[in-house]
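Results of the structural survey
These are the residues of each chain, in order.
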Amino acid sequence: MTMDPRFKIAHREALIGVALAIVHFIWWFGFAYGLGSKPVEEYSYILGFPDWFFYSCIVGFILVAITVIVLVKFVLKDVSLEEEGDEQ
């Protein structure tokens, strides 16, 4: 019994997705709790947002969105979901 090569591709792409989610969480947590743990009087503001919110939520989202676009365009593979031997 041989393993379908699509499973190897799916596992690799799932690990990429989990890694991206973990990196995004670390980015968000680091900025949100790192910069956000100061007293409110000491906050810096960027475009009207507290710096911790701007870096964790706005910049983080933009970077993850760009990363997902790059991954989908250049790394992930288009795999047929049809079973081998199916006739159309």
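Below: a short report on this structure. Quick caveat: nothing in here was measured; it's all calculated off a predicted structure.

Conventions and cut-offs
Residues numbered from 1 in each chain as written. Predicted model: local features only at pLDDT ≥ 70, side-chain atom pairs only at ≥ 80, totals over all residues. Heavy atoms only, no water. Salt bridge = Lys/Arg side-chain N within 4 Å of Asp/Glu carboxyl O. Helix = DSSP H or I, 4+ residues; strand = E, 2+ residues; numbered from the N terminus. Expected span 1.5 Å × (residues − 1). Bend = angle between axes of the 7 residues up to and from the residue. Buried < 20%, exposed > 50% of the residue type's maximum accessible area, 1.4 Å probe, protein only. Contact = heavy atoms within 4.5 Å.

As a further point, take the pattern of salt bridges. Inspection of the entire model under this criterion finds two salt bridges. Linking D4 and R6 is a salt bridge whose minimum nitrogen-to-oxygen distance equals 2.5 Å. Between K38 and D51 there is a salt bridge, with the nearest N and O atoms lying 3.8 Å from each other. Of this pair, K38 sits in the loop between α1 (5-35) and β1 (45-46) while D51 sits in helix α2 (residues 51-74), and the two are 13 residues apart along the sequence.

With that out of the way, let us pick up α2. Between the first and last C-alpha of α2 there are 32 Å, a value that for 24 residues agrees with the 34 Å anticipated at 1.5 Å per step. Within α2, the axis deviates most sharply at G60, by approximately 30 degrees. Within the sequence span of α2, burial applies to D51, F54, S56, G60, V64 and L71. In the core, the buried residues of α2 are packed alongside α1, β1 and β2 (49-50).

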